[in-house]
Amino acid sequence: GIGDDCAVVPVGNRTLVATTDITFDGVHYPREAPPNLKGWYAASVNLSDIAAMGARPIGLLVAYGFPSDAPLSFFKGISGGVQRCAELHKTRVLGGDTKRSDGLTICVTALGEALPGGALMRSGAKNGDILVLTGKIGRAHEWMHKGGNSGLGRMLRVEARIQEGMALASAGATSCIDLSDGLAISLHFLSESSWVGMEIRLDDVPFYGGIPSGKALEAASYGGDFELLATVPPAKLSAARAKVHNAGGHITEIGLVGGNGVRVSMGGKTRILPKSGYEHFRRPKE
């Protein structure tokens, strides 16, 4: 059902996962961004949901809408970006559709298969688990503050953590989510789904170098990151760290599961972490 990064569908003795996401020119990527990066981004953000379930990708279905006067090279650039992203993650484009539209729209549906132990959900975190994060965060926040082409490639060339997700699942992680809407709101989603409290140490969260220390909390609430946030029992942390390392990635311990609500500690002080992140339908401030 609804509530996780993917829908989970039992089929015989296998567990399929499915997700879909739609991206628009001028909303998810600047209109002036290279077409191949737009295609890559559209594919990768969907594969990131597959990663959050600890699953391996099976394939992508891609539907395009673009203006009738768009040159063929434009479409080839976008579809080429999708294809290269799929190939990197050892999957392929299964099919899709094309339609005329006023502006560029890319809708991707990603299919995957969970490991034999089942899909990672948001609802399995337990008191005493350790919060771990793959990679670094702050890519979109960095680009927003610098503007222009500075950091644009890093913002759009999202790397779905497929191998890390499978490694976490096989190591016994209890829950997982991808950070598309931001670290802060994702912590709330995990907390609410698992009925547990959580606390992160913001000083331990790895940010990209372009994020000033005074903007760390803002960056943690900004969105546009597609790393994985997971919970791991203490007894399985060493195995999780080793398996993620062998998969080509790394994890950082950033907090603990327990207590009441969602909290953040910074500079030795602890406070409630606001439930804030990227929301498409947020009302503008008057």
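Given the structure is predicted, the values throughout are model-derived calculations rather than measurements. (Residues numbered from 1 in each chain as written. Predicted model: local features only at pLDDT ≥ 70, side-chain atom pairs only at ≥ 80, totals over all residues. Heavy atoms only, no water.)

(A) Representation of the packing of helix H1 (residues 35-52) against helix H2 (residues 72-88) within the structure. It is the contact of H1 with H2, at a shortest axis distance of 6 Å, that shows an interaxial angle of 40°. Taken together, the axes of H1 and H2 are oblique relative to one another. In terms of crossing hand, the pair formed by H1 and H2 is right-handed. Listed contacts from H2 to Pro35, Asn36, Gly39, Trp40, Ala43, Ser44 and Leu47 of H1 are Phe74, Gly77, Ile78, Gly81, Val82, Arg84, Cys85 and Leu88. Grouping the constituent residues of the contact of H1 with H2 by class yields 9 nonpolar, 5 polar and 1 charged. (Axes fitted to C-alpha atoms, helices over the stretch in contact; angles between N-to-C directions. Helix = DSSP H or I, 4+ residues; strand = E, 2+ residues; numbered from the N terminus. Parallel < 35°, antiparallel > 145°, perpendicular 65-115°, else oblique. Left-handed = near helix turned anticlockwise from the far one by under 90°. Contact = heavy atoms within 4.5 Å. Nonpolar A, V, L, I, M, F, W, Y, C, P; charged D, E, K, R; others polar.)

(B) Region of the structure containing the pattern of salt bridges. According to the stated counting rule, one finds 13 salt bridges in the structure shown. Among the salt bridges present, the one from Lys38 reaches Asp25, with a minimum N-O distance of 2.8 Å. In this pair, Lys38 sits in helix H1 while Asp25 sits in the loop between strand S2 (14-24) and H1, placing the two residues 13 residues apart along the sequence. Looking at Asp25, the relative accessible area reads 14%, which means it is buried. Put simply, Lys99 and Asp97 hold a salt bridge, and the shortest N to O gap is 2.5 Å. Connected through shared salt-bridge partners, Glu159, Arg161, Glu164 and Glu227 make up one network. (Salt bridge = Lys/Arg side-chain N within 4 Å of Asp/Glu carboxyl O. Buried < 20%, exposed > 50% of the residue type's maximum accessible area, 1.4 Å probe, protein only.)

(C) Representation of the sheet that holds strand S8 (residues 198-201) in the model. Taken together, the 7 strands give an open sheet; going across it, the order is S7-S9-S6-S10-S8-S11-S12, and neighbouring strands pair in mixed fashion. The open sheet has two edge strands with one neighbour each: strand S7 (175-178) and strand S12 (269-272). Strand-to-strand twist in this sheet, taken as the mean axis angle between neighbours without regard to direction, amounts to 25°. Where strand S11 (residues 262-266) meets S12, 4 bridges bridge the pair, whose relative direction is antiparallel. Residue pairing for S12: Arg263 is matched across the bridge by Ile272. Packing of H1 onto the sheet brings it into contact with S7 and strand S9 (228-232), and relative to S7 it is tilted by some 175°. (Pairing = 2+ DSSP bridges.)

That's the geometry; what it means functionally is another story.
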